[in-house]
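# Fold and geometry: a report
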Amino acid sequence: MEELEERISSHSRKQSQFQEQMQELQAYLERRREQIRAGEERIEAGEAQLEQARSALDSQKAQLEKQQANRNTVAQRMGILQDLEKNHEGFYGSVKKIMSAAESGRLSGIYGTVSQLISVEQRYATAVEIAMGPSLQHLVCQGDQEAKAGIAYLKQGGFGRATFLPLSNIRATVLSLTEQEKVPGFVATAARLVSCDSQFDQIVASLLGRTLICQDLDSASQLAQRTGHRYKIVTLDGQVINAGGSYTGGSLIKNTGLLSRKTEIASLQKQLGQLGKLVEQQNQAVLEATQLMTQLEEKQRQRKAILDAAKQELYRKNLERENLERDVQLTKGELLQAHQENSLLL
C-alpha cells in the first residue's frame, strides 16, 4: 500500500514538473517564433536595400562609362589636331620649310608663324582668323638679317615665297574709336581680342590694329557708314566689310583654319582636364557605391545566418516539446494506472 502511494506521489511530481517544463518550452518557442518573424522582416528589408544599392551602383557605373567615353572622344580629337599642328598641316609649303629649318637649327632667330604666337577666345576665333587671312602664316623673326637669311634659304632651295615680320622693324598703334563712332553690336578692335607675349604686341597691332569686330552684319554695316568706310570690319561669324565699302562673305567650313585649330586644341585641353576630374570623381562614387553594396551584402549574410540558426534551434526545441509531450502522456497513463490499482485495494 505504501509503495503504491509512493508511486502515485512520484508520478504526480513528474507530471507537475513536465507541465511546468511544457509551459516554459511553449513560452520559449513563442519567443523564438517571434524572433524568426522579425528576422525574416529584417531580411526582406535588407533585400530592398540591396536592390536599391544595386540599382544605384549600376547607375554610377553607367555614368562612369559615359564620362570615360566622352573623355576618350575629346582625347582622340585633341590627338588628331595636335598631330596636324605638329606636322604643320595647313601651312604653305614654303612656311613649312622655314619652320623645319628653324627647328633643326639651320635657321636662327625665327619665332614661328603669327598663328603659333597668338591666342584668342573661341568665340572670337573665326572673326580674328578671317581678319588676318594669309597673314596668320607670316613668319615672325628677330630682325632684318633673319628675314634675309630665310628668303635666301627659300630661294636657294626653290621652296617658294614667304612673308617675314622682323620684330626690330614693325611699329604700329591700335585704333580706338570715339564714343560717337561706336554703334550697338560693336565688340572691339581686333587687336584687343588677341593674347600674345608682350614682345609680339607690335606685330599684332600692325596686323589687327585697324580692324574692327562687330557682332553681326547689320551692326558692321552701321559702323562702316559711321566711320566713312575707312576700316576693315569683320563679324563674329566671319562676314567682312572691307575698307572702301566692298563686302565679302558667305558660308565657312567650321574649325578648319590654323587659328581655329589652335583655339580648339586649347579648348579641348581644358575640357579634357575637366572630364578627367569628373571621371576621377565618378570613380570615387563607384568605389563608394561598391563598398556600400559589399557592406549590405555582408549584413544580409549575417542576418540569414542568424535566422538559419534560429530556425535550427526552433526545430530542436520542437523535437524537445514532442518528446516532453510523450513523457507527459506516459506519466498520465502511469498515474491513472496507479490510481486504478489503489482503488482496487480500497
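Reference entry: report on the structure contained in this document. (Residues numbered from 1 in each chain as written. Predicted model: local features only at pLDDT ≥ 70, side-chain atom pairs only at ≥ 80, totals over all residues. Heavy atoms only, no water.)

## Quick look at the packing of aromatic side chains
In this structure the tally under the stated criterion is two aromatic pairs. Each ring, one from Y111 and one from F200, has its centre 5.5 Å from the other, and the planes form 70°; the classification is edge-to-face. With a gap of 89 residues between them, Y111 in strand β1 (residues 110-113) and F200 in the loop between β6 (194-196) and α6 (201-208) connect regions that are remote in the sequence. On the basis of an interplanar angle of 45° and a centroid distance of 5.5 Å, the ring pair of Y153 and F159 is categorised as tilted. (Phe/Tyr/Trp six-rings, centres within 6.5 Å; stacked < 30°, edge-to-face > 60°. Helix = DSSP H or I, 4+ residues; strand = E, 2+ residues; numbered from the N terminus.)

## What to know about helix α7 (residues 217-226)
When α7 is considered as a whole, its buried residues turn out to be S219, A220, S221, L223 and A224. Looking at the buried residues of α7, the elements they touch are β5 (186-189), β7 (211-214), β8 (232-235), β9 (240-241) and β10 (247-248). Its side-chain oxygen 3.3 Å from the backbone nitrogen of D218, D216 forms the N-cap of α7. Remark: G228 follows α7 within two positions and exhibits a positive phi of approximately 70°. (Buried < 20%, exposed > 50% of the residue type's maximum accessible area, 1.4 Å probe, protein only. Contact = heavy atoms within 4.5 Å. Polar contact = N/O pair within 3.5 Å; in protein donor to acceptor, adjacent residues only side chain to side chain.)

## Brief notes about the sheet that holds strand β3 (residues 139-141)
One open sheet accounts for three strands, arranged β1-β3-β4; its pairing is mixed. Here the strands that pair on one side only, and so sit at the sheet edges, are β1 and β4 (164-166). Each strand axis lies, on average, 25° off the axis of its neighbour in the sheet, ignoring direction. Inspection of the sheet shows β3 paired to β4 by three bridges, in the parallel sense. When the bridges of β4 are listed, C141 appears paired with P166. Where helix α2 (residues 93-104) meets the sheet, its contacts fall on β1, β3 and β4, and the angle it forms with β1 comes to roughly 145°. (Pairing = 2+ DSSP bridges. Axes fitted to C-alpha atoms, helices over the stretch in contact; angles between N-to-C directions.)

## Focus: the sheet that holds β9
What holds strands together in a sheet is hydrogen bonding between their backbones, with the strands either parallel or antiparallel. Taken in spatial order, the five strands make up an open sheet running β5-β7-β8-β9-β10, and their pairing is mixed. Sheet topology places β5 and β10 at the edges, where each strand pairs with a single neighbour. Note: β5 against β7, three bridges, orientation antiparallel. Counted as the bridge partner of T189 is L212 from β7. Contacting β5, β7, β8 and β9, helix α4 (residues 122-132) runs over the sheet at an angle of about 150° to β8. Here α7 sits on the sheet and contacts β5, β7, β8, β9 and β10; the angle it forms with β8, its principal contact strand, is near 165°.

## Focus: the environment of T113
On the secondary structure map, T113 appears in strand β1. Beyond its immediate stretch of four places on either side in the chain, T113 contacts F91, V95, M99, L136, Q137, H138 and L139. Polar contacts involving the side chain of T113 include one to the side chain of S115, which spans 3.0 Å.

## Here we look at unusual backbone geometry
Of note, H88 is a non-glycine position whose phi angle comes to about 60°, a positive value. Note on placement: H88 falls in the loop between α1 (2-86) and α2. In this structure H88 comes out as buried when scored by relative accessible area, which is 6%.

## Focus: the environment of V95
Among the structural elements, V95 can be located in helix α2. Once the C-alpha coordinates of V95 and L139 are considered, the two residues, 44 residues apart in sequence, prove to be 7.6 Å apart. Ignoring sequence-local partners within four residues, the contact set of V95 consists of T113, Q137, L139 and A162.

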